[in-house]
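Topology and contacts: notes
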Amino acid sequence: MDPDLPAPGSEELKRQVTREDLRLVYEFLYKRRSNPPTMVEIHDHVAAMTGTARSQTDRRVRELRNWFRVPAVQSGRDYTYHLEGRADTVRTSRGGISARVRGEVLSARRCAQCGKTPLGDHIKLEIDHKIPHSWGGTDDIENLQPLCEQCNHDKQAFYSSMSPFEEQIRAATAHHEPHRRIGELLKAFHRANAEAPSEIVAVVASMHQYQEDWQKRMRELGWEFETIKRKEHGRVRSYYRLTAFTDWPPGTIASQIRRSESARKAAGRRND
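To start, this report covers the structure provided alongside it.

Parameters at a glance
Residues numbered from 1 in each chain as written. Predicted model: local features only at pLDDT ≥ 70, side-chain atom pairs only at ≥ 80, totals over all residues. Heavy atoms only, no water. Helix = DSSP H or I, 4+ residues; strand = E, 2+ residues; numbered from the N terminus. Buried < 20%, exposed > 50% of the residue type's maximum accessible area, 1.4 Å probe, protein only. Contact = heavy atoms within 4.5 Å. Areas by Shrake-Rupley, 256 points an atom, 1.4 Å probe, with all protein chains shown as cover. Phe/Tyr/Trp six-rings, centres within 6.5 Å; stacked < 30°, edge-to-face > 60°. Lys NZ or Arg CZ within 6 Å of the ring centre and 35° of its normal. Pairing = 2+ DSSP bridges.

Take the overall build of the protein next. When helices and strands are tallied, the protein shows 12 helices and 9 strands. Viewed in the frame of its principal axes, the protein has a C-alpha envelope of about 75 × 50 × 40 Å. Taking all 272 residues of the protein together, 42% fall into the buried category. A separation of at least 24 residues holds for 53% of the contacts in the protein among residues at least 6 apart in sequence. Roughly 15700 Å² of accessible area belongs to the protein as shown, and the carbon and sulfur atoms make up 47% of that amount.

Okay, structure coming up:
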């Protein structure tokens, strides 16, 4: 535990974290350092103080990671949030999205998720980050898309459910090859001695380009992993635990896979 953490209410904290709602979450995490709370406990505390929704509380915890290390640690079937110290690298505040970029993104005049339009369906379009800031996403136009309010709300709720795994997800988001994203995600869970939920592997695999058969991409790595199935809340969920992996080959992974497949086919023809 970092003894150099700023005390709640200190001038140093106010200079670093200018928003009062973020300082409220920080104060709760600071006081609970010896008994780290779950997200439900953080939500209940913030709701009692401000009356805000859980998704907003999740976002506040993510934003605190701009300045502090707040890992989510698995405890049974739940996760507790530990205020461990200052972040290794302080993320500076974003400049925001310019009016020109907003106009260009919204010029599509159609929700990228459901296809509804403001004129035909009387919906309002919002700017969405394909990869959230907390996962390493940027304000670059390539990372922006128009979503209607409902689709944006639903996506935020879905992504908020993955907040305990942000550190593992961030380890994979910058890579443009789906094989490498999947591999780096599995390695991050391996380092954390944890299992990767299948829905997170699917989301990370499709970050930069949709992958209809992400399971095939995972098999193509040639790595060894266990598949664990559990019945949770009335449905069966799948998890993956990496057990053995190799270094990345030079060049693109896809080209290496094609070379390996060609070599196997050539060997098969020689044996016929």
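A word on the packing of aromatic side chains. Tallied over the full model, the rule gives 10 aromatic pairs. Considering the side-chain rings of Tyr26 and Phe68, the 4.8 Å spacing of their centres and the 40° angle between planes classify their relative orientation as tilted. Here Tyr26 is found in helix α2 (residues 20-31), whereas its partner Phe68 is found in strand β1 (residues 68-69), with 42 residues between them in sequence. Taking the relative accessible area as the measure of exposure, Tyr26 reaches 0% and is therefore buried. Measuring from centroid to centroid gives 5.6 Å for Phe165 and Phe189, while their planes differ by 45°, and the two rings are tilted. In this pair, Phe165 sits in the loop between α7 (149-160) and α8 (166-173) while Phe189 sits in helix α9 (residues 178-191), placing the two residues 24 residues apart along the sequence. Relative accessible area serves as the criterion here: at 1%, Phe189 is assigned to the buried category. What links up through ring pairs into an aromatic cluster is the set Tyr26, Tyr30 and Phe68. For the cation-ring pair, Arg33 lies above Tyr30, with the distance from its terminal atom to the ring centre recorded as 3.8 Å. Between the NZ or CZ atom of Arg230 and the centre of the ring of Tyr239, over which it lies, the distance is 4.8 Å.

We now examine unusual backbone geometry. Positive phi values are uncommon outside glycine, yet His122 reaches one of about 55°. With respect to the helices and strands, the residue His122 is situated in the loop between α6 (118-121) and β5 (125-129).

Bringing the side chain of Lys155 into the picture now. Structurally, Lys155 can be placed in helix α7. With sequence-adjacent residues up to four places away left out, Lys155 is seen in contact with Asp128, His129, Lys130, Gln145 and Leu147.

Sheet topology note: the strand β8 (residues 224-232)/strand β9 (residues 235-244) ladder contains 9 bridges and is antiparallel. By the bridge assignment for β9, Glu224 is matched with Ala244. Where β8 folds back on β9, the antiparallel hairpin that results is connected by 2 residues, among which His233 adopts a positive phi of roughly 55°.

This paragraph deals with the environment of Ile141. With respect to the helices and strands, the residue Ile141 is situated in the loop between β5 and β6 (144-148). According to the relative accessible area criterion, Ile141 is partly exposed, its value standing at 29%. Separated by 40 residues in the primary sequence, Ile141 and Val101 have C-alpha atoms spaced 6.7 Å apart. Non-local contacts of Ile141, meaning those with residues more than four positions away in its chain, are made with Val101, Glu104 and Val105.

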